[in-house]
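These are the residues of each chain, in order.
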Amino acid sequence: MNAIEAEHLSKSFGSVTAVDDVSITIPEGGIFGFLGPNGAGKTTTIRMLTGVLIPDAGSVRILGTDVNKDPLTAKLKMGVIPENGTVYSDLTAEQNILITAKFYGMDRASRERRSNEILDRLGLSERRNDLVRTFSKGMRQRISIACAIVHSPPVLLLDEPTTGLDVYSRRLVIDTVRHMNQEGSTILLTTHNIEEANALCNTISIINKGKIVATGSPERLKKTFDTSRYVEVSFDQPVGKDLFAVPGITRAEPWGDKWRVYTDDPDRAVKHLASIAEREHLTIVSIATSNPTLEEAFVQLTAGV
Ligand SMILES: Nc1ncnc2c1ncn2[C@@H]1O[C@H](COP(=O)(O)OP(=O)(O)O)[C@@H](O)[C@H]1O
Ligand SMILES: [Mg+2]
C-alpha cells in the first residue's frame, strides 16, 4: 500500500492558483522531499494532504484512508509539523508532550516512557520543566516535532522543519526525522533548501508556481540537468587565456586562483591540459572535473520565476 496518494490536487485563492493539478505517490518507508522556492505552493499542498484545507479538486489517501471522507481515521495515522509549529507557550516542555499523548489515547505508562525517550532524543531533557514561552525558536520547533511524533505515526509530514533554526536544533531535527524513518515511518517534508533535500530524501519533486516540474531521486535529477561540464585547473605560475585555445575546450575563464575550462568532453580536456602543462613546464597544483549539482537542476527548473 502507498503511504500517501494524492491525485490531481488543485487549490486557488481568488485569482491566485496556489496548487495546480499536483499528484504525489509515496510508497511506505520513503523519505519524500517537496522542494520549491517561496510561494511555490508547498504549504498549500501540505495543508490539503493533512486535511486542514479542502482542495478545489482532487483527493488524498493516507495509508488507504481518504482524508476528506474520513478525516479522524486519517489524522490518527499522521504526525504533522505545520510551518509555524503549534505549541502551548504556557505549558512546560514535558506537559506539551504528555497532553498530546493523552489526546491520542495513550495510556499513562506509555505516555511517560515515550515522553522521556523523545525529550532525550531532541536534547530537551534538562529543560523538561521549563515553560515553552522561555524557549528559543529552535527549541520550540523541537517541541513541535516531539508532539507530532509522540504516537509514533506511520506517516510524518513536516513543512520546512529546519527553516530558520540554529545549527544544533537543525541537526537534532534531521537526526530525528532519519530515526523516525528507520523505525518505519514514511516521511514527506517540504524545504527550499537544496542540500537538505539532497542529504535526506530518496525522492524529490520540484514544485514551481503550483506545478510539479520534475520528480526523481536526487542523483537522477542531477544527471538530467548536467549540461555545463567544466574542468577546474590551477598551475604554479600565472598563465594567459591563449593557453587554452585547443580543440575540445569551448572557453576558459579565470575562477578565483584557478581557471574554469568549459568542454563537452571532460576526459579529453583533462588530457589536453596535462600535455599543455608538460609542454610549458607548468606544475598542475589542482585539477577537478565538475560534478553536477542539484542546485543546477533546481535553478534551471525554476528559472524565470
Ligand atoms: N490563505 C491564503 N490566501 C490567499 N493566498 C494564499 C493563501 N495561502 C497561500 N496563498 C498563496 O498561494 C501561493 C502559494 O503559497 P504557499 O503554499 O504558502 O507556498 P510555499 O509554502 O511554497 O511558500 C502564494 O502565492 C501565496 O501567496
Ligand atoms: Mg510554505
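Everything quoted here is computed from the prediction, not taken from an experiment.

The rules we used
Residues numbered from 1 in each chain as written. Chains lettered and ligands numbered in written order. Predicted model: local features only at pLDDT ≥ 70, side-chain atom pairs only at ≥ 80, totals over all residues. Heavy atoms only, no water. Helix = DSSP H or I, 4+ residues; strand = E, 2+ residues; numbered from the N terminus. Expected span 1.5 Å × (residues − 1). Buried < 20%, exposed > 50% of the residue type's maximum accessible area, 1.4 Å probe, protein only. Arc of directions from axis to C-beta. Contact = heavy atoms within 4.5 Å. Polar contact = N/O pair within 3.5 Å; in protein donor to acceptor, adjacent residues only side chain to side chain. Near = heavy atom within 4 Å. Areas by Shrake-Rupley, 256 points an atom, 1.4 Å probe, with all protein chains shown as cover. Nonpolar A, V, L, I, M, F, W, Y, C, P; charged D, E, K, R; others polar. Axes fitted to C-alpha atoms, helices over the stretch in contact; angles between N-to-C directions. Parallel < 35°, antiparallel > 145°, perpendicular 65-115°, else oblique. Left-handed = near helix turned anticlockwise from the far one by under 90°.

(A) Representation of helix H4 (residues 108–121). For H4, spanning 14 residues, the distance from its first C-alpha to its last is 20 Å, which sits close to the expected 20 Å at 1.5 Å a residue. Looking only at H4, the buried set comprises Ser-110, Arg-111, Arg-114, Ser-115, Ile-118 and Leu-119. For H4, the buried positions fall inside an angular range of 155° around the axis, keeping them on one side. Exposed residues lying more than 90 degrees from the buried face of H4 are Ala-109, Arg-113 and Asp-120. Buried residues in H4 make contact with helix H3 (93–103), helix H5 (137–149) and helix H6 (167–182). Here H4 starts with a cap whose side-chain oxygen sits 3.2 Å from the backbone nitrogen of Ala-109, and that cap is Asp-107.

(B) Representation of the site of ligand 1 within the structure. Around ligand 1 lies a shell formed by Phe-13, Val-16, Ala-18, Pro-37, Asn-38, Gly-39, Ala-40, Gly-41, Lys-42, Thr-43 and Thr-44. Between an oxygen atom of ligand 1 and a main-chain N or O atom of Ala-40, the distance comes to 3.1 Å. With respect to ligand 1, the backbone of Gly-41 contributes an N or O atom lying 2.9 Å from an oxygen atom. Notes on ligand 1: free accessible area 560 Å², of which the protein chains cover 61%. Sorting the residues of the shell around ligand 1 by element identifies strand E2 (16–27) and helix H1 (42–49) as the ones contributing at least two each. By residue class, the composition of the shell around ligand 1 is five nonpolar, five polar and one charged.

(C) Region of interest: the packing of H3 against H5. Look at H3 against H5: their axes get within 8 Å of each other, and the N-to-C directions meet at 25°. Looking at the two axes, H3 sits roughly parallel to H5. The two elements H3 and H5 cross, and the hand of that crossing is right-handed. Facing H3, whose interface residues are Ala-93, Asn-96, Ile-97 and Thr-100, H5 presents Ile-143, Ala-146 and Cys-147. Residue composition of the contact of H3 with H5, by class: five nonpolar, two polar and no charged.

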